[in-house]
Amino acid sequence: MSSTRKVRNVNKRYAKINEDWPEKDATVVHKNKVRKKKLSDLGSQWSKDELERFYAAYRKYGKDWRKVAGAVHDRTSDMVEALYNMNR
């Protein structure tokens with residue numbers, strides 16, 4: 001049988017390590033959450049003219065959403081990107 005004295009020493013050693021270890025609740029982990037585009041992100045209904053301008057600008061500028069939004073007028077780059085992602 002092992003002596004109780006040896007077990008106590010081991011327990012003291014691990015008790016010290018556990019005191020220095022941060023609590024699980026104390027640490028806050030932030031993860032980058034990628035927000036999915038929703039239908040509401042598109043804004044109001046897109047007119048046929050806006051859609052035509054969007055497709056023409058997309059062919060010309062690619063995924064440079066600022067330039068595409070500038071060509072569409074009255075739509076933000078986020079709205080333009082959301083329209084693209086919803087209709088890929």
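About the cut-offs
Residues numbered from 1 in each chain as written. Predicted model: local features only at pLDDT ≥ 70, side-chain atom pairs only at ≥ 80, totals over all residues. Heavy atoms only, no water. Helix = DSSP H or I, 4+ residues; strand = E, 2+ residues; numbered from the N terminus. Buried < 20%, exposed > 50% of the residue type's maximum accessible area, 1.4 Å probe, protein only. Contact = heavy atoms within 4.5 Å. Polar contact = N/O pair within 3.5 Å; in protein donor to acceptor, adjacent residues only side chain to side chain. Expected span 1.5 Å × (residues − 1).

If you check an unreviewed UniProt entry, the protein appears there as SANT domain-containing protein from Aegilops tauschii subsp. strangulata.

Draft legend 1. Structural context of the overall build of the protein. For the protein, the helix and strand inventory stands at four helices and zero strands. Burial statistics for the protein: of 88 residues in total, 17% are counted as buried. Counting only contacts in the protein whose residues sit at least 6 apart along the sequence, the fraction spanning at least 24 positions is 48%.

Draft legend 2. Here's a closer look at the environment of Thr-76. Its place among the elements puts Thr-76 in the loop between α3 (65-72) and α4 (77-86). What makes Thr-76 partly exposed here is its relative accessible area of 42%. Sequence-wise, Thr-76 and Trp-65 are eleven residues apart; in three dimensions their C-alpha atoms are separated by 8.5 Å. Only 3.2 Å separates the side chain of Thr-76 from the backbone nitrogen of Met-79, close enough to count as a polar contact.

Draft legend 3. Local environment of helix α2 (residues 48-61). With 14 residues, α2 should cover 20 Å at 1.5 Å per step; its first-to-last C-alpha distance of 20 Å lies within 8% of that length. Where α2 is buried, its residues meet α3 and α4. Of the residues trailing α2, Gly-62 is marked for its positive phi of about 70°.

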